[in-house]
Amino acid sequence: MSMREALDLSAYLVIGPENTKGRPVKGIIRDVVAAGFTIVQVRSKVASAKELIGYCRDAAEAIAEAGRADRVALVADDRLDVVLAAREAGIKVDGIHVGQSDIPAAVCRKYLGDDAVIGLSARTRELIDYVRTADISDIDYFGAGPLHETATKPEAGRSASGRVITRSLEEIAELARVSPVPAVIGGGVKLADIPDLKRTGIAGFFVVSTVTEADDPGRAAAALTAAWRA
Ligand SMILES: Cc1ncc(COP(=O)(O)OP(=O)(O)O)c(N)n1
Ligand SMILES: Cc1ncsc1CCOP(=O)(O)O
Ligand SMILES: [Mg+2]
């Protein structure tokens, strides 16, 4: 079975070197995957292409060291060039996550192939109408949010007037009902949010800081996955 067919979005780590308080990305990914996270995204707005390829290598090795290479998907944020170069170097990168201003999903599909995992950020405005009508022919899931305002990405959900629009649990439940592909919710997600999110019927949650800034990322991750499974 391909990673695309086996895709489990329930516990989704997004991580880059700027999120780890100086600690190595690789060790955090290994601990978090061992704690039951099901998909990892390498995302950095400061790393060079070469550094990103290195983080993809670290992530792929960490997933393999946790014994989950055949079950935990690895995707990169934004950078089709990095995914292609990493694959060229023999690194197992399963796909890409793109946003509304990034390389079109159809182009990613063309270059990454039928087995690749491709995620797309849903438009913030008119979220429900957007997911109902968007072209989903090349994507496997939607990313949406924010649940709360977040210092990790202060612009997430910010409207033209400067106000941050967050997603209510009712909207998330409707998103889960109407979306033709699975959807994940992120942005300010904390342990206390997990029971409510699970009840909405959404496919999963994505987190950065709750895990990457924790004193013990593996423990923080285990608490999140236990809460999701409860
Ligand atoms: C799972 C997931 N969902 C949404 C995003 C945000 O992507 P994007 O809108 O392209 O913004 P950046 O992450 O590139 O700042 C994501 N990365 N992952
Ligand atoms: C990548 C991204 N996209 C929307 S919010 C966000 C960051 C979420 O970070 P955190 O989990 O630390 O709030
Ligand atoms: Mg992007």
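Residues numbered from 1 in each chain as written. Chains lettered and ligands numbered in written order. Predicted model: local features only at pLDDT ≥ 70, side-chain atom pairs only at ≥ 80, totals over all residues. Heavy atoms only, no water.

If you check an unreviewed UniProt entry, the protein chain appears there as Thiamine-phosphate synthase from Pseudoramibacter alactolyticus ATCC 23263. Database annotation for the protein chain, UniProt heading Sequence similarities (unreviewed entry): "Belongs to the thiamine-phosphate synthase family." Regarding the protein chain, the relevant UniProt record gives this comment under Pathway (unreviewed entry): "Cofactor biosynthesis; thiamine diphosphate biosynthesis; thiamine phosphate from 4-amino-2-methyl-5-diphosphomethylpyrimidine and 4-methyl-5-(2-phosphoethyl)-thiazole: step 1/1." (UniProt positions renumbered as here; feature names shortened; annotations may be inferred.)

(A) Representation of the state of the cysteines within the structure. A complete count under the given rule lists 0 disulfides for this structure. Take C56: it sits in no disulfide, and the sulfur closest to it among the cysteines is that of C108, at 14 Å. (Disulfide = S-S within 2.5 Å.)

(B) Representation of the coordination of the magnesium ion (ligand 3). In this structure, D78 (OD) and D102 (OD) serve as the protein donors to the magnesium ion (ligand 3), at separations of 2.0 to 2.2 Å. Residue D78 is found in the loop between strand 3 (73-77) and helix 3 (80-88), and its partner D102 is found in the loop between strand 4 (95-98) and helix 4 (105-112); the two are separated by 24 residues along the sequence. Judged by its relative accessible area of 27%, D102 is partly exposed. (Donors = N, O, S within 2.8 Å, 3.2 Å for Na, K, Ca; no water. Helix = DSSP H or I, 4+ residues; strand = E, 2+ residues; numbered from the N terminus. Buried < 20%, exposed > 50% of the residue type's maximum accessible area, 1.4 Å probe, protein only.)

(C) Looking closely at the environment of A35. Locating A35 in the fold gives a position in the loop between helix 1 (25-34) and strand 2 (39-42). Overall, the relative accessible area of 14% leaves A35 in the buried class. Sequence-wise, A35 and I15 are 20 residues apart; in three dimensions their C-alpha atoms are separated by 16 Å. With near-sequence residues (within four places) excluded, A35 lies in contact with G218, A221, A222 and T225. (Contact = heavy atoms within 4.5 Å.)

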